[in-house]
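# Architecture at a glance
Chain by chain, the residues run as shown.
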Amino acid sequence: MDPNVLALAGTAGTTVVALLATDAWEQTRHGVTTLWRRFRPDAAEEIDELLSRSRAALLAGGEPVAVESEWQLRLGALLARNPEAAAELTSLLQELTAETSGQTISGGVHLEARAEGSGQVYQSVRDQTVNNYR
């Protein structure tokens, strides 16, 4: 498969899963289901149900990485069977990320911090709990 298509599937899976746990989940579900309806109409209802189940799993504390991997595979398979879906998927991602208060969701993360003296640094990409018992 084309490396650009693989990258798109990866970014799309990450973005979709991130948005499923937000207030933008209805728009995300509608957009992804519409994409399936256009290119794989026989599986559109199943995808709609899987999106709802994925959201429920995330909200119940499920492992986001596992859910992301599933959606990356599903989207990759859709793009492999229908390369022309790439343009519509890209457009959908741009639309969805524009609606998230100007925030851009991407697959890469770079954290950098410096502490001097007795300073402490706490960084996290996801949830973090810090217990300072003194």
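This text goes with the structure placed above it.
Here goes a summary of the coordinates provided. (Residues numbered from 1 in each chain as written. Predicted model: local features only at pLDDT ≥ 70, side-chain atom pairs only at ≥ 80, totals over all residues. Heavy atoms only, no water.)

Scanning the protein from terminus to terminus reveals 5 helices and 0 strands. Moving toward the C terminus, one meets the helices and strands of the protein in the order α-α-α-α-α. A burial count over the protein gives 35% of its 134 residues as buried. Residue pairs at least 24 apart in sequence account for 63% of intrachain contacts in the protein once pairs closer than 6 positions are excluded. As displayed, the protein offers around 8600 Å² of accessible surface, 48% of which is attributable to carbon and sulfur atoms. (Helix = DSSP H or I, 4+ residues; strand = E, 2+ residues; numbered from the N terminus. Buried < 20%, exposed > 50% of the residue type's maximum accessible area, 1.4 Å probe, protein only. Contact = heavy atoms within 4.5 Å. Areas by Shrake-Rupley, 256 points an atom, 1.4 Å probe, with all protein chains shown as cover.)

Let us now look at the packing of aromatic side chains. Scanning the entire structure with this criterion turns up 1 aromatic pair. Both rings, one in Trp36 and one in Trp71, keep their centres 6.4 Å apart while their planes meet at 90°; by these two values the pair is edge-to-face. Within this pair, whereas Trp36 is found in helix α2 (residues 25-39), its partner Trp71 is found in helix α4 (residues 64-81), the two being separated by 35 residues in sequence. Take Trp36 and Trp71: they sit in the same class, and that class is buried. Here Arg74 stacks its cationic end above the ring of Trp71, 4.6 Å away from the centre of that ring. (Phe/Tyr/Trp six-rings, centres within 6.5 Å; stacked < 30°, edge-to-face > 60°. Lys NZ or Arg CZ within 6 Å of the ring centre and 35° of its normal.)

It is worth spelling out α4 at this point. Spanning 18 residues, α4 covers 26 Å between terminal C-alpha atoms, matching the ideal 26 Å at 1.5 Å per step. Every buried residue of α4 is accounted for by Pro64, Val67, Glu68, Trp71, Leu75, Gly76, Leu78 and Leu79. Down the axis of α4, the smallest arc covering the buried residues is 165°, so these residues share one side. Opposite the buried face of α4, by more than 90 degrees, sit the exposed residues Val65, Leu73 and Arg81. (Expected span 1.5 Å × (residues − 1). Arc of directions from axis to C-beta.)

Right, let's get into the nonpolar core. Nonpolar side chains tend toward joint burial in soluble globular proteins. Counting 31 residues, the largest nonpolar core has Val32, Trp36, Trp71, Leu79 and Leu89 as its most contacted members. At the level of secondary structure, the elements contributing two or more residues to this core comprise α1 (3-20), α2, α3 (44-59), α4 and α5 (85-98). Broken down by element, the residue count for this core peaks at 8 residues, all from α1. Aside from chain neighbours lying at most four places away, what touches Trp71 is Gly13, Val17, Val32, Ile47, Leu50, Leu51 and Ser54. (Core = buried A, V, L, I, M, F, W, Y, C linked by side-chain atoms within 4.5 Å.)

This part is about the environment of Val5. Within the fold, Val5 resides in helix α1. Residue classification places Val5 among the buried residues on the basis of a relative accessible area of 17%. Sequence separation of Val5 and Pro83 is 78 residues, and the distance between their C-alpha atoms is 8.1 Å.

In this structure, Glu95 sits in helix α5. Using a relative accessible area of 45% as the deciding quantity, one classes Glu95 as partly exposed. As a C-alpha pair, Glu95 and Gln27 span 68 residues in sequence and 9.6 Å in three-dimensional space.

Attention now goes to the packing of α1 against α4. Two measures define how a pair of helices packs: the angle their axes make with one another and the distance between the axes. Between α1 and α4, the least distance of the axes is 8 Å, while the angle of their chain directions is 135°. In terms of orientation, α1 lies oblique with respect to α4. Considering the relative orientation of α1 and α4, their crossing is right-handed. Together, Val5, Leu8, Ala9, Gly10, Ala12, Gly13, Thr14, Val16 and Val17 of α1 and Pro64, Val67, Glu68, Trp71, Gln72, Leu75, Gly76 and Leu79 of α4 make up the contact between the two elements. Counted by class, the contact of α1 with α4 contains 11 nonpolar, 5 polar and 1 charged residues. (Axes fitted to C-alpha atoms, helices over the stretch in contact; angles between N-to-C directions. Parallel < 35°, antiparallel > 145°, perpendicular 65-115°, else oblique. Left-handed = near helix turned anticlockwise from the far one by under 90°. Nonpolar A, V, L, I, M, F, W, Y, C, P; charged D, E, K, R; others polar.)

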